[in-house]
Amino acid sequence: MDLDAVTKHSALHAKPNGLILQYGTAGFRMKAEHLDHVMFRMGLLAALRSKQTKSTIGVMVTASHNPEEDNGVKLVDPLGEMLAPSWEEHATCLANAEEEDMQSVLMDISEKAAVDLQQDAFVVIGRDTRPSSQKLSQSVIDGVTVLGGQFHDYGLLTTPQLHYMVYCRNTNGQYGKATIEGYYQKLSKAFVELTKQAFCTGDEDRSLKVDCANGIGALKLREMEHYFSQELSVQLFNDGTKGKLNHLCGADFVKSHQKPPQGMEMKSNERCCSFDGDADRIVYYYHDADGHFHLIDGDKIATLISSFLKELLLEIGESLNIGVVQTAYANGSSTRYLKEVMKVPVYCTKTGVKHLHHKAQEFDIGVYFEANGHGTVLFSKAAEKKIRELAKELEDKKRKAAEMLENVIDLFNQAAGDAISDMLVIEAILALKGLTVQQWDALYTDLPNRQLKVKVADRQLISTTDAERQAVTPPGLQEAINDLVKKYKLSRAFVRPSGTEDIVRVYAEADSQESADSLAYEVSVAVFQLAGGVGESPKP
Ligand code: G16
């Protein structure tokens, strides 16, 4: 390692004084103007991780659902997964190192992680459409090359597409071709095959309105749509030609405000969906004939998918185990429905797809979705092999079911939650089952809920346990929440520091919207008072 070159280049990407960052729920995120040094250093770290694993590593420049002024970076591990936790610690150390300590911190990481510095390094890079992203990805490249690493810059990509590229490269193309056409072809072939099995009366509604959050999803969906336009016609809104990224639109806005995005023309009972800024989340929704808005979030997506998978397994007579993984944000009704009606085991992890993904790997078929629409389905290698064998061996209806499962395996992005892939899976299932969006929505009724944000001086004062459902500190907060929850029927509430924004998140659900709103407000006041709220106190 040429440490003098590192020092020289690092000075060109100097760290602002006093800035301390942490590798959060999905990497580093903050105002783009403070991130140049972080990008350079993550280029260095990706090169080290690549040398250590002797594999291609990915670096994605995005702040996903955050406002346009923010940016962020996350590293992608060899099988397309999120960076291993021990390396998150290295990332935090390196991002916070003072200039004069850069050499020793790099050496320390290399020693602790047993990095063979003589190894080659290869890093692939992708970025979203933020105005700051191109320059920041150049800083990543500087970091990679100063350690002698090679790179391929994919330019504009959705986050899940970059995960896909990494996975393809490290399986020598077995998972798919590591090109954007390879991604389009793999997914659309599986989608077209799958929807061929749908029984058509000619009356089906094969069109979908998509709010692209003014982000990368619009560009990529436009490139891809001709591959499947016979089976599904997509109409894009908030495609980035006018509005600001994630502003009053996108999956995060729709989910947290429980209302449609601006800029979308919705007619009653039309199927609509929203992606987030880097197209790794999706939520569906519609207006009923009375003009009421109905949100179909990640929980209902997981339910639709699990019931479809269970039906196919039943048809082929295979007892592969299915598990569903959720977080504390999962609506109580969804958990009850999955456990009691569908009889599938349900698990709760901390927020962050890295936690859900990990848990989902324990099953033959692991379905994981956060309520915010971030998720996918993982098939174990053994389950995949079994299904592919059955698709050759079985006959008639059973064979058809096994072939459908094969296509489902190919259609899901097995590396990460992916709005485009999830959208195609959902559209295929609705077509195959002949379900309207209203019938899907009617599977169960969500408990009314509300999410709020509270500003505090230091959100790390709040620590949690029990998959974030209980606050441990500050003292008295959990007791206050318990007392408030007792005042409402069918109620539940929790608070946790966000790992992507400088705020504390509050979640409440109860038997009526009025109660959920009131409980969320009262819990916000408790957070503001007990955890050092700043600025204006919460308003009812
Ligand atoms: C990221 C993570 C998600 C998480 C979300 C919010 O999403 O990938 O798993 O649910 O942040 O996290 P927090 O509540 O800690 O701010 P995205 O779409 O922004 O990458």
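Residues numbered from 1 in each chain as written. Predicted model: local features only at pLDDT ≥ 70, side-chain atom pairs only at ≥ 80, totals over all residues. Heavy atoms only, no water.

*Asks:* Just give me the short version of the packing of helix α3 (residues 85-96) against helix α4 (residues 102-112), but keep the residues and values in it.
*Replies:* Look at α3 against α4: their axes get within 10 Å of each other, and the N-to-C directions meet at 170°. By the angle class used here, α3 and α4 are roughly antiparallel. Facing W87, H90, C93 and L94 of α3, the residues of α4 in contact are M102, V105, L106, I109 and K112. Looking at the contact of α3 with α4 residue by residue, the class counts come to 7 nonpolar, 1 polar and 1 charged. (Axes fitted to C-alpha atoms, helices over the stretch in contact; angles between N-to-C directions. Helix = DSSP H or I, 4+ residues; strand = E, 2+ residues; numbered from the N terminus. Parallel < 35°, antiparallel > 145°, perpendicular 65-115°, else oblique. Contact = heavy atoms within 4.5 Å. Nonpolar A, V, L, I, M, F, W, Y, C, P; charged D, E, K, R; others polar.)

*Asks:* Break down the packing of aromatic side chains for me, with residues and values.
*Replies:* On inspection of all chains with the given rule, the structure shows 14 aromatic pairs. Seen from their ring centres, Y184 and Y227 are 5.7 Å apart, and the 45° between their planes marks the pair as tilted. Placement of the pair is Y184 in helix α7 (residues 180-196) and Y227 in the loop between α8 (216-224) and β7 (233-237), with a sequence separation of 43 residues. Taken together, a centroid distance of 5.2 Å and an interplanar angle of 40° make the contact between Y347 and F363 tilted. With Y347 in strand β12 (residues 346-349) and F363 in the loop between α12 (353-360) and β13 (365-369), this pair connects stretches of sequence that are 16 residues apart. Residue Y347 is classed as partly exposed on the basis of its relative accessible area, which comes to 31%. Through a chain of ring-to-ring contacts, three or more aromatic side chains come together here, namely Y164, Y167, Y175, Y183, Y184 and Y227. The ring centre of Y175 lies 3.5 Å from the NZ or CZ of K186, which sits over that ring. Across the ring face of Y444, the terminal group of K300 is positioned such that the distance to the ring centre comes to 4.6 Å. (Phe/Tyr/Trp six-rings, centres within 6.5 Å; stacked < 30°, edge-to-face > 60°. Buried < 20%, exposed > 50% of the residue type's maximum accessible area, 1.4 Å probe, protein only. Lys NZ or Arg CZ within 6 Å of the ring centre and 35° of its normal.)

*Asks:* Kindly report on empty space enclosed by the protein, identifying the contributing residues and their values.
*Replies:* Counted under the stated rule, the structure contains 1 cavity of 30 Å³ or more. As for the largest cavity, its lining consists of Y23, G24, T25, A26, G27, K74, L75, M82, L83, E88 and K354. Here the residues of the lining of the largest cavity are counted per class, giving 5 nonpolar, 3 polar and 3 charged. (1 Å grid on protein atoms, 1.4 Å probe; cavity = no way out; pocket = protein on both sides within 12 Å on 5 of 7 lines; lining within 4 Å. Points joined across faces, edges and corners; volume = space filled by probe spheres on them.)

*Asks:* Lay out the site of the ligand with the relevant residues and their values.
*Replies:* Around the ligand, the surrounding shell holds 19 residues, and the nearest of these are T25, H65, E370, S498 and T500. V353 is positioned with one of its backbone polar atoms (N or O) 3.0 Å from an oxygen atom of the ligand. Note that an oxygen atom of the ligand is positioned 2.7 Å from one of the side-chain N or O atoms of R505. Expressed as a share of its isolated accessible area of 460 Å², the protein-covered part of the ligand is 98%. Grouping the constituent residues of the shell around the ligand by class yields 2 nonpolar, 10 polar and 7 charged. (Near = heavy atom within 4 Å. Polar contact = N/O pair within 3.5 Å; in protein donor to acceptor, adjacent residues only side chain to side chain. Areas by Shrake-Rupley, 256 points an atom, 1.4 Å probe, with all protein chains shown as cover.)

*Asks:* Pulling in residues and values, what's your account of the sheet that holds strand β18 (residues 492-497)?
*Replies:* Strand pairing in a sheet takes place through backbone hydrogen bonds and is either antiparallel or parallel in direction. Spatially, 3 strands are ordered β15-β19-β18 in an open sheet, and the strand pairing comes out antiparallel. Whereas interior strands pair on both sides, the edge strands pair on one side only; in this sheet they are β15 (449-454) and β18. Within this sheet the neighbouring strands show an average axis-to-axis angle of 15°, counted without direction. Of the strand pairs in this sheet, β18 and strand β19 (residues 504-509) are connected by 6 bridges, and their pairing is antiparallel. Looking at the pairing, V495 lines up with V506 of β19. The strands touched by helix α18 (residues 513-530) are β15, β18 and β19; relative to β15, the strand with the most contacts, the crossing angle is about 20°. (Pairing = 2+ DSSP bridges.)

*Asks:* Before we move on, could you go through the pattern of salt bridges and cite the residues and values that matter?
*Replies:* Enumeration according to the criterion identifies 37 salt bridges in this entry. With its nearest N and O atoms 3.6 Å apart, the salt bridge here joins E98 to K15. Linking E98 in the loop between α3 and α4 with K15 in the loop between α1 (3-12) and β1 (28-31), this pair joins segments that are 83 residues apart in sequence. Residue classification places E98 among the partly exposed residues on the basis of a relative accessible area of 33%. The partner of K220 in a salt bridge is E223, and the shortest N-O contact between them spans 3.6 Å. Of this pair, K220 and E223 both sit in helix α8, 3 residues apart, which is roughly one turn of the helix. (Salt bridge = Lys/Arg side-chain N within 4 Å of Asp/Glu carboxyl O.)

*Asks:* Which residues make up the state of the cysteines, and what values do they have?
*Replies:* Evaluation of the coordinates by the stated rule reveals 0 disulfides. No disulfide involves C212; its nearest neighbouring cysteine sulfur is the one of C273, lying 7.8 Å away. For C212, a relative accessible area of 0% gives the class buried. Under the relative-accessibility criterion, C273 is labelled buried at 0%. (Disulfide = S-S within 2.5 Å.)

*Asks:* Please provide a residue-by-residue account of the sheet that holds strand β2 (residues 56-61), values included.
*Replies:* Reading across the sheet, the 5 strands line up as β1-β3-β2-β4-β5 and stay open at both edges, with mixed pairing between neighbours. What marks the edges here is a single partner per strand, and that holds for β1 and β5 (150-156). Direction aside, the axes of adjacent strands within the sheet are offset by 15° on average. Pairing of β1 with strand β3 (residues 70-76), which is carried by 4 bridges, proceeds in the antiparallel orientation. Bridge pairing in β3 links K31 to D70. Relative to the sheet, helix α6 (residues 159-170) contacts β2, β3, β4 (122-127) and β5, its axis offset from that of β2 by approximately 170°.

*Asks:* Outline the nonpolar core, listing residues and values.
*Replies:* Core analysis: the largest hydrophobic core is formed by 88 residues, its most contacted members being V210, F275, L309, M423 and L424. Counting residues per element, this core draws most heavily on helix α15 (residues 419-433), at 11 residues. When neighbours within four sequence positions are excluded, V210 is seen to be in contact with L221, V234, Q235, L236, F237, M264, C273, F275 and M423. In this structure, A5, V6, A46 and V61 belong to the second largest nonpolar core, which totals 44 residues. (Core = buried A, V, L, I, M, F, W, Y, C linked by side-chain atoms within 4.5 Å.)

*Asks:* Give me the lowdown on α3, citing residues and values where you can.
*Replies:* One turn of an α-helix holds 3.6 residues; hence residues three or four places apart share an orientation. Its 12 residues give α3 an end-to-end C-alpha distance of 17 Å, which sits within 8% of 16 Å, the value for a rise of 1.5 Å per residue. Regarding α3, the residues found buried are W87, E88, H90, A91, T92, L94, A95 and N96. Close packing links the buried residues of α3 with β1, α2 (36-53), α4 and α12. (Expected span 1.5 Å × (residues − 1).)

Honestly, that's just the spatial picture; any functional story needs more than this.
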